[in-house]
Amino acid sequence: MARRWQDGKGTLTVDGLDVPVEIAASYRARTRGLLGRDGIEGALLLTPAGSIHTFRMRFAIDVAYLDRNLRVRAVRTMRPGRLGLPRPHSRHVLEAEAGQMARWGLRPGVTVGLHRV
């Protein structure tokens, strides 16, 4: 049975490091994403999502494409005004300020933990 996601806050665990995460599961929250913000503390998880864009964004972001088991399939850095290609087998997209994912050790093959707050 598929997991039911809801908008809210949580903690993302990457290699023992805890990162605050906002969960955007509703259509409205996913559509809004990071638009209109000047930055983000931690990360934003869009679910379900297989691709994103950075049109009308104010800052560059790191993007991690995750599968159903929260395993990282790909990580990219995107500048504002770009369209990301859909990633096969991606179920979730994690967004953070550019450079953060490298600091967290987030790379393809890593499985992240997610705990709701």
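The preceding data block contains the structure.
Residues numbered from 1 in each chain as written. Predicted model: local features only at pLDDT ≥ 70, side-chain atom pairs only at ≥ 80, totals over all residues. Heavy atoms only, no water.

Concerning the side chain of Glu95
Secondary-structure assignment places Glu95 in strand β6 (residues 92-97). One buried charge, Glu95, has no salt-bridge partner; the nearest side chain with opposite charge is Arg37, at 8.0 Å. In this structure Glu95 touches Leu34, Gly42, Ala43, Leu44, Leu46, Ile52, Ile61, Asp62 and Met101, once residues within four positions along its chain are discounted. (Helix = DSSP H or I, 4+ residues; strand = E, 2+ residues; numbered from the N terminus. Buried < 20%, exposed > 50% of the residue type's maximum accessible area, 1.4 Å probe, protein only. Lys, Arg positive; Asp, Glu negative; His and termini not counted. Salt bridge = Lys/Arg side-chain N within 4 Å of Asp/Glu carboxyl O. Contact = heavy atoms within 4.5 Å.)

Some thoughts on the side chain of Ser90
Tracing the backbone shows Ser90 in the loop between β5 (72-78) and β6. With sequence-adjacent residues up to four places away left out, Ser90 is seen in contact with Ala49, Gly50, Tyr65, Leu66 and Arg73.

Digging into unusual backbone geometry
Thr47 connects to Pro48 through a cis peptide bond whose omega is -10 degrees. Examined against the element boundaries, Pro48 turns out to sit in the loop between β3 (43-46) and β4 (61-66). With a phi close to 65 degrees, Arg56 is a non-glycine residue in the positive phi region. Take Arg56: it is sitting in the loop between β3 and β4. Residue classification places Arg56 among the exposed residues on the basis of a relative accessible area of 68%. Positive phi values are uncommon outside glycine, yet His89 reaches one of about 70 degrees. Mapped onto the elements, His89 comes out in the loop between β5 and β6.

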